[in-house]
Amino acid sequence: DDVYLVVAKNGQYGVVKNKNIKISFAYQSIGYNSDANLYAVQRSGQYGVVNIDEKVIVPIEYKSIGFNGTYIIAKSYTEELYFNQRGEKIENSYKAMIDAKQANSFITINNENLYGIINENGVETVKNEYLYIEYAFDGYFVAYKEGQGLGLIDKNGKTYIDFKYDVLSKIGDKKLLKGVDMKNNITDIFSADMKHVTSASNGVVAIYENYIELYNEEKTEFITNNGELKTAKDILQENSLFAIFKDGKWGFADKEGNIKVDCTYDYVTEFNRYGFAGIKNNGKWGTIDKEGKVVCECIYEFDEDEGLVIPEFIGKYFKTYSENNEIYYTDEV
């Protein structure tokens with residue numbers, strides 16, 4: 001509802017909120033920092049920091065002013081000083097700080113390139129002993145410990161997921177985590193409260209609006225956004241047929257478990273919103289309709305160097321992308 005403008009008048013800068021002058025036209029330059037919600041100002045060739053009410057946070061007497069997250073870096077000709085948002089001097093021995101504002105914390109990197117965490121008041125909560133730290137969500141951070149791998153800690157350093165993964169990352173925009181142990185070829189899924197949900201060997205994750213799928217050539221599992229493990233019948237309630245794995249082969253069964261399409265395929269997908277499912281044999285894909293009738297025999301071959309590929313079909317046409325990254329469907333082999 002409010003409009004703030006940095007405005008020049010007769011060669012001097014100020015800040016106007018709507019039609020009211022908030023910072024007087026008395027400065028050679030003004031720069032706004034959104035993290036700290038403060039203004040770096042220049043007057044008579046010297047720099048300082050003021051707030052929107054023009055209260056001086058850092059005296060206008062420095063060679064330069066910079067920001068590292070919400071922290072202020074003031075440089076004179078002889079030293080570099082750090083201030084918090086209240087203008088209080090703080091001790092700082094870090095070469096970089098990364099703002100994790102949702103956790104009210106900063107990831108710190110010291111001169112030995114080791115990572116740690118401090119809180120918003122500059123108090124160290126995690127020592128600089130990790131090779132890497134990255135914010136995940138809420139108060140959780142992915143950290144890498146030398147000789148062990150990736151794990152998960154909170155902003156106070158408590159371990160929630162053991163340090164053993166080659167990959168540990170947030171799944172899309174969801175509060176779910178995927179851990180990949182490449183040595184044992186296992187993919188684990190963790191919920192927002194750090195509970196282990198499920199695992200799969202050679203597992204591949206597909207992301208949808210209200211859930212994710214974890215699948216391999218022997219199973220497909222559905223995990224809701226709040227970390228609940230569900231069946232295909234729970235998630236795909238409009239479908240009448242569902243993928244089933246029996247005696248090492250895939251087919252389709254109805255909601256009661258009665259097999260409607262014999263288990264003769266190496267792999268099948270669930271039916272999509274268009275009423276088609278993929279069927280796979282001997283490394284090639286085809287498609288089947290919701291009545292169980294084969295629409296296209298297994299003729300399409302996709303590059304699966306990075307794991308099982310799940311194509312999407314409309315009739316005999318499969319989903320792909322143009323050079324401009326536009327979605328289209330084709331039957332070109």
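Residues numbered from 1 in each chain as written. Predicted model: local features only at pLDDT ≥ 70, side-chain atom pairs only at ≥ 80, totals over all residues. Heavy atoms only, no water.

Colleague: How should the overall build of the protein chain be read in this particular structure?
Modeller: Regarding its fold elements, the protein chain presents one helix and 37 strands. Here the C-alpha atoms of the protein chain give a radius of gyration of 28 Å, more than 25% beyond the 20 Å that 2.2 N^0.38 yields for 333 residues. Along the three orthogonal principal directions, the C-alpha set of the protein chain runs to about 85 × 50 × 35 Å. Residues counted as buried form 41% of the 333 residues belonging to the protein chain. Look at the contacts in the protein chain between residues 6 or more apart in sequence, and 26% of them connect residues 24 or more apart. Carbon and sulfur atoms form 42% of the exposed surface of the protein chain, whose accessible area is close to 18,700 Å². When the 37 positive and 52 negative side-chain charges of the protein chain are each reduced to one mean point, those points stand 6 Å apart. (Helix = DSSP H or I, 4+ residues; strand = E, 2+ residues; numbered from the N terminus. Rg over C-alpha atoms; globule rule 2.2 N^0.38 Å. Buried < 20%, exposed > 50% of the residue type's maximum accessible area, 1.4 Å probe, protein only. Contact = heavy atoms within 4.5 Å. Areas by Shrake-Rupley, 256 points an atom, 1.4 Å probe, with all protein chains shown as cover. Lys, Arg positive; Asp, Glu negative; His and termini not counted. Charge placed at Lys NZ, Arg CZ, Asp CG, Glu CD.)

Colleague: Where do I start with the pattern of salt bridges in this structure?
Modeller: Once the charged atoms of two side chains with opposite charge are near each other, the side chains can pair. A complete count under the given rule lists twelve salt bridges for this structure. One salt bridge in this structure joins Asp138 and Lys175, with 2.9 Å as the shortest N-O distance. One end of the pair, Asp138, is in the loop between strand 16 (132-137) and strand 17 (140-145); the other, Lys175, is in the loop between strand 20 (167-170) and strand 21 (177-181), with 37 residues separating them in the sequence. Relative accessible area serves as the criterion here: at 34%, Asp138 is assigned to the partly exposed category. On the basis of relative accessibility, which here comes to 39%, the residue Lys175 falls in the partly exposed class. Note that Glu221 is salt-bridged to Lys219, the shortest N-O span being 3.4 Å. Residue class for Glu221 comes out buried when judged on its relative accessible area of 16%. (Salt bridge = Lys/Arg side-chain N within 4 Å of Asp/Glu carboxyl O.)

Colleague: What is the right way to read a nonpolar patch on the surface from this model?
Modeller: A cluster of nonpolar side chains, namely Leu131, Tyr132 and Tyr144, defines an oily patch on the protein surface of about 240 Å² accessible area. In this fold, Tyr132 is placed in strand 16. (Patch = residues over 30% accessible without salt bridge, like charges linked within 9 Å, V, L, I, M, F, W, Y side chains within 5 Å.)

Colleague: I keep staring at the layout of surface pockets and nothing clicks. Help me out?
Modeller: Think of a ball as big as a water molecule: rolled over the atoms, this probe shows where empty space is left. Roughly 1,100 Å³ of internal volume is contained in the largest pocket. Tyr208, Phe271, Asn272, Arg273 and Glu312 are the residues nearest the centre of the largest pocket, which is lined by 39 residues in total. Listing elements by their share of the lining of the largest pocket, those giving two or more residues are strand 24 (204-207), strand 25 (211-215), strand 26 (220-224), strand 32 (276-281) and strand 36 (317-321). Its residues placed into classes, the lining of the largest pocket shows 21 nonpolar, nine polar and nine charged. Approximately 230 Å³ is the volume found for the second largest pocket. In terms of lining, the second largest pocket is formed by 16 residues, of which the most central are Ala232, Lys233, Phe242, Ala243 and Glu270. Sorting the residues of the lining of the second largest pocket by element identifies strand 26, helix 1 (232-235), strand 28 (242-246) and strand 29 (249-253) as the ones contributing at least two each. (1 Å grid on protein atoms, 1.4 Å probe; cavity = no way out; pocket = protein on both sides within 12 Å on 5 of 7 lines; lining within 4 Å. Points joined across faces, edges and corners; volume = space filled by probe spheres on them. Nonpolar A, V, L, I, M, F, W, Y, C, P; charged D, E, K, R; others polar.)

Colleague: Which parts of the structure should I look at to understand the packing of aromatic side chains?
Modeller: The geometry of two aromatic rings is summed up by the distance between their centres and the angle between their planes. Inspection of the entire model under this criterion finds 18 aromatic pairs. On the basis of an interplanar angle of 50° and a centroid distance of 5.1 Å, the ring pair of Phe245 and Trp250 is categorised as tilted. Arranged with centres 6.0 Å apart and planes meeting at 35°, the rings of Tyr300 and Phe313 form a pair that is tilted. A residue pair is termed long-range when its members are at least 10 positions apart, and Tyr300 in strand 34 (residues 294-300) and Phe313 in strand 35 (residues 313-314) qualify at 13 residues. (Phe/Tyr/Trp six-rings, centres within 6.5 Å; stacked < 30°, edge-to-face > 60°.)

Colleague: When you look at the nonpolar core in this model, what are you seeing that I'm missing?
Modeller: Proteins that are soluble and globular tend to have nonpolar side chains buried together. Judged by nonpolar contacts, the single largest core of 21 residues is most densely connected at Phe252 and Ile288. For this core, the elements supplying multiple residues, two or more each, are strand 24, strand 29, strand 30 (259-265), strand 31 (267-268), strand 32, strand 33 (284-289) and strand 34. It is strand 32 that provides the largest number of residues to this core, a total of three residues. Within the second largest apolar cluster, 13 residues are counted, among which are Ala100, Ala103, Ile109 and Tyr115. (Core = buried A, V, L, I, M, F, W, Y, C linked by side-chain atoms within 4.5 Å.)

Colleague: How do you make sense of the sheet that holds strand 37 (residues 327-330) when you look at a structure like this?
Modeller: Strand pairing in a sheet relies on backbone hydrogen bonds. The paired strands run either parallel or antiparallel. Strands sit in the order 35-36-37 across an open sheet of three strands; the sheet is antiparallel. At either end of the open sheet lies a strand with only one pairing partner, and these are strand 35 and strand 37. Where strand 35 lies against strand 36, two bridges are found, and the strand directions are antiparallel. When the sheet's bridge partners are listed, Phe313 is paired in strand 36 with Phe318. (Pairing = 2+ DSSP bridges.)

Colleague: Can you help me understand the state of the cysteines in this one?
Modeller: Note: disulfide means a covalent bond formed between the sulfur atoms of two cysteine side chains. A full pass over the atoms with the stated rule returns zero disulfides. Its sulfur unpaired, Cys263 is 15 Å from the next cysteine sulfur, which belongs to Cys298. (Disulfide = S-S within 2.5 Å.)

Colleague: Explain the pairing of strand 23 (residues 196-201) to me, please; I cannot follow it from the model alone.
Modeller: Walk down a regular strand and you will see the side chains alternate between the two sheet faces. Pairing geometry for strand 22 (residues 186-190) and strand 23, over five bridges, is antiparallel. Bridge assignment links Ile186 to a residue of strand 23, and that residue is Ser201. Following strand 22, the chain reverses through five residues before pairing antiparallel with strand 23; Met194 in that reversal takes a positive phi of roughly 65°.

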